[in-house]
Amino acid sequence: MNLTTPALLFPAISLLLLAYTNRFLTLAQIIRQLNASTDRGAALVQRQLPGLKRRILLTKYMQGFGVLSFLLCALSMFALFLQAELPGKLLFGASILTLALSLVLSLVEVLLSTEALSLVVKDLESARISGS
């Protein structure tokens, strides 16, 4: 294994961290809007709070594992630069594992996000039916 193998992950991890940051900013904006809303005590908002709390926690961990993956990848490149092939391979393997864990957490967060949207759609449908 040479130095370029872990270097291939650098752009992918950087883009992934950017996507995670965008998800975090969107989540923060949703929470701030709900907090500023006059309907923040509404049943729909209250039903969304547990999901929002889980999404905050998942976002924190997926970002953390993404950063750890980036760091392990950099350390792998450094080890390979120093001609320490076994530590370089082990660090690269750990980098890939933490990246995979980060991606799984991201998938769970997306599933929670779509669950929250389903709650809103159900509320809209019930308002339409009761309003007809």
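Model, not experiment: these values are computed from the prediction.

**A look at the overall build of the protein chain**
Turning to step 1, where the next piece is worked out: A count of helical and extended segments in the protein chain gives four helices and zero strands.
Turning to step 2, where the next piece is worked out: The secondary structure elements of the protein chain, listed N-terminal to C-terminal, are α-α-α-α.
Turning to step 3, where the next piece is worked out: In terms of overall dimensions, the protein chain has C-alpha extents of about 70 × 25 × 20 Å along its principal axes.
Turning to step 4, where the next piece is worked out: Taking as baseline every contact in the protein chain between residues at least 6 positions apart, the subset at least 24 positions apart corresponds to 81%.
Turning to step 5, where the next piece is worked out: Carbon and sulfur atoms provide 71% of the accessible area of the protein chain, an area that totals close to 8500 Å².
Turning to step 6, where the next piece is worked out: Between the averaged position of the 11 positive side-chain charges in the protein chain and that of its 6 negative side-chain charges there is a distance of 5 Å.

**Things to note about the layout of surface pockets**
Turning to step 1, where the next piece is worked out: Computed from the structure, the largest pocket encloses a volume of approximately 190 Å³.
Turning to step 2, where the next piece is worked out: In terms of lining residues, the largest pocket is bounded by T26, I30, L34, Q48, L52, R55, S113, A116, L117 and V120.
Turning to step 3, where the next piece is worked out: Contributing elements (two or more residues each) for the lining of the largest pocket: α2 (9-36), α3 (43-81) and α4 (85-131).
Turning to step 4, where the next piece is worked out: Sort the elements by how many residues they give to the lining of the largest pocket and α4 lands first, with four residues.
Turning to step 5, where the next piece is worked out: Considering only residue class, the lining of the largest pocket consists of six nonpolar, three polar and one charged.

**Regarding unusual backbone geometry**
The bulk of non-glycine residues show a negative phi, and the bulk of peptide bonds are trans.
Turning to step 1, where the next piece is worked out: With a phi close to 70 degrees, Q83 is a non-glycine residue in the positive phi region.
Turning to step 2, where the next piece is worked out: Along the polypeptide, Q83 turns up in the loop between α3 and α4.
Turning to step 3, where the next piece is worked out: A residue is classified by how much of its surface remains accessible, and Q83, at 69% relative accessible area, is exposed.

**Side note on α3**
Turning to step 1, where the next piece is worked out: Taking 1.5 Å of rise per residue, 39 residues should cover 57 Å, and α3 covers 58 Å from first to last C-alpha, within 8% of that figure.
Turning to step 2, where the next piece is worked out: Largest kink in α3: about 35 degrees, centred on L49, with the proline P50 one to four residues after it.

**Quick word on the packing of α2 against α3**
Turning to step 1, where the next piece is worked out: It is the contact of α2 with α3, at a shortest axis distance of 10 Å, that shows an interaxial angle of 160 degrees. When the interaxial angle is binned, α2 and α3 end up roughly antiparallel. When the axes of α2 and α3 are compared, the crossing they make is left-handed.

What counts as what
Residues numbered from 1 in each chain as written. Predicted model: local features only at pLDDT ≥ 70, side-chain atom pairs only at ≥ 80, totals over all residues. Heavy atoms only, no water. Helix = DSSP H or I, 4+ residues; strand = E, 2+ residues; numbered from the N terminus. Contact = heavy atoms within 4.5 Å. Areas by Shrake-Rupley, 256 points an atom, 1.4 Å probe, with all protein chains shown as cover. Lys, Arg positive; Asp, Glu negative; His and termini not counted. Charge placed at Lys NZ, Arg CZ, Asp CG, Glu CD. 1 Å grid on protein atoms, 1.4 Å probe; cavity = no way out; pocket = protein on both sides within 12 Å on 5 of 7 lines; lining within 4 Å. Points joined across faces, edges and corners; volume = space filled by probe spheres on them. Nonpolar A, V, L, I, M, F, W, Y, C, P; charged D, E, K, R; others polar. Buried < 20%, exposed > 50% of the residue type's maximum accessible area, 1.4 Å probe, protein only. Expected span 1.5 Å × (residues − 1). Bend = angle between axes of the 7 residues up to and from the residue. Axes fitted to C-alpha atoms, helices over the stretch in contact; angles between N-to-C directions. Parallel < 35°, antiparallel > 145°, perpendicular 65-115°, else oblique. Left-handed = near helix turned anticlockwise from the far one by under 90°.

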